[in-house]
Amino acid sequence: MGRLGDLLHNYVLTVALISWLSAQVLKTLLTFIKQKKLNLERMVGAGGMPSAHTATVVSLVIAISRAPGCGLSSPEFAVAFVLAAVVMYDAMGVRRAAGEQAKVINQIVEIQNSDDNEDNNIEGKPLKEFLGHTPLEVLGGALLGILIAMIIPVS
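Residues numbered from 1 in each chain as written. Predicted model: local features only at pLDDT ≥ 70, side-chain atom pairs only at ≥ 80, totals over all residues. Heavy atoms only, no water.

**Thoughts on the packing of helix H2 (residues 11-35) against helix H3 (residues 52-66)**
A pair of packed helices is characterised by two quantities: the angle between their axes and the separation of those axes. Remark: H2 packs on H3, axes separated minimally by 8 Å, with the N-to-C direction vectors making an angle of 155°. One finds that H2 runs roughly antiparallel with respect to H3. Where H2 crosses over H3, the handedness of that crossing is right-handed. Here Tyr11, Val12, Val15, Ala16, Ser19, Trp20, Ala23, Gln24 and Lys27 of H2 lie close against H3, whose contacting residues are Ala52, Ala55, Thr56, Ser59, Leu60, Ala63, Ile64 and Arg66. (Axes fitted to C-alpha atoms, helices over the stretch in contact; angles between N-to-C directions. Helix = DSSP H or I, 4+ residues; strand = E, 2+ residues; numbered from the N terminus. Parallel < 35°, antiparallel > 145°, perpendicular 65-115°, else oblique. Left-handed = near helix turned anticlockwise from the far one by under 90°. Contact = heavy atoms within 4.5 Å.)

This is the structure we're talking about:
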């Protein structure tokens, strides 16, 4: 089989990509249900329920643990486990804090620009506020990643 064929039949990669796609579709559907309007940015955007980053890395950990020649004692599992821990910590910590700060900055800019004095207006696009995740969103992503990795058969 050629290189492209090998890539397409890579169990670990397939599981991770399906987990990411599933999380993004779920996030888009949940946003649609909540807001009653379709926001296609949710298909690629960060933040929201479930965490696609978490679903991807957790499914990667589980897939590597199940893949032939890998398992829990393999270096691949160790790397994926540490990567997953860093990604989940970052999602709930740094990226979430940055999103909260963006909300406050956007509010300050809105107040500043609502004044009648045009000399004080701040120009530019609003900062993105959906950057990180709550612990519940990360948990949702982790559970989705585990589920996807467990239902896709090892090839």
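**Re unusual backbone geometry**
The residue after Met49, namely Pro50, is reached through a cis peptide bond having omega -5°. Structurally, Pro50 can be placed in the loop between H2 and H3. One non-glycine residue, Lys36, adopts positive backbone phi at about 60°. Here Lys36 shows up in the loop between H2 and H3.

**Considerations on the confidence of the model for the protein chain**
Taken over all residues, the pLDDT of the protein chain has a mean of 86, while the share at 70 or more is 92%. Mean pLDDT across the secondary structure elements of the protein chain bottoms out at helix H1 (residues 3-8), with 73, and peaks at H3, with 97. (pLDDT = per-residue confidence, 0-100.)

**What about the nonpolar core?**
Membership of the largest hydrophobic core comes to 22 residues, with the highest contact counts inside it found for Tyr11, Val12 and Val15. Looking at this core, the elements that each hand over two or more residues are H2, H3, helix H4 (75-92) and helix H6 (135-151). Looking at which element gives the most residues to this core, the answer is H3, with eight residues. The residues contacting Val15, other than those within four sequence positions of it, are Ser59, Ala63, Ile148, Ala149 and Ile152. (Core = buried A, V, L, I, M, F, W, Y, C linked by side-chain atoms within 4.5 Å. Buried < 20%, exposed > 50% of the residue type's maximum accessible area, 1.4 Å probe, protein only.)

**Topic: the environment of Arg42**
Positionally, Arg42 belongs in the loop between H2 and H3. By relative accessible area, Arg42 is classed as buried at 4%. Sequence separation between Arg42 and Gly145 is 103 residues, and the spatial gap between their C-alpha atoms is 18 Å. A polar contact of 3.1 Å, which involves the side chain of Arg42, links it to the side chain of Glu41. (Polar contact = N/O pair within 3.5 Å; in protein donor to acceptor, adjacent residues only side chain to side chain.)

**Some words on the pattern of salt bridges**
The tally for this structure, following the rule as stated, stands at one salt bridge. In this structure, the salt-bridge partner of Arg42 is Glu41, at a minimum N-O distance of 3.1 Å. When its relative accessible area of 32% is taken as the criterion, Glu41 is described as partly exposed. (Salt bridge = Lys/Arg side-chain N within 4 Å of Asp/Glu carboxyl O.)

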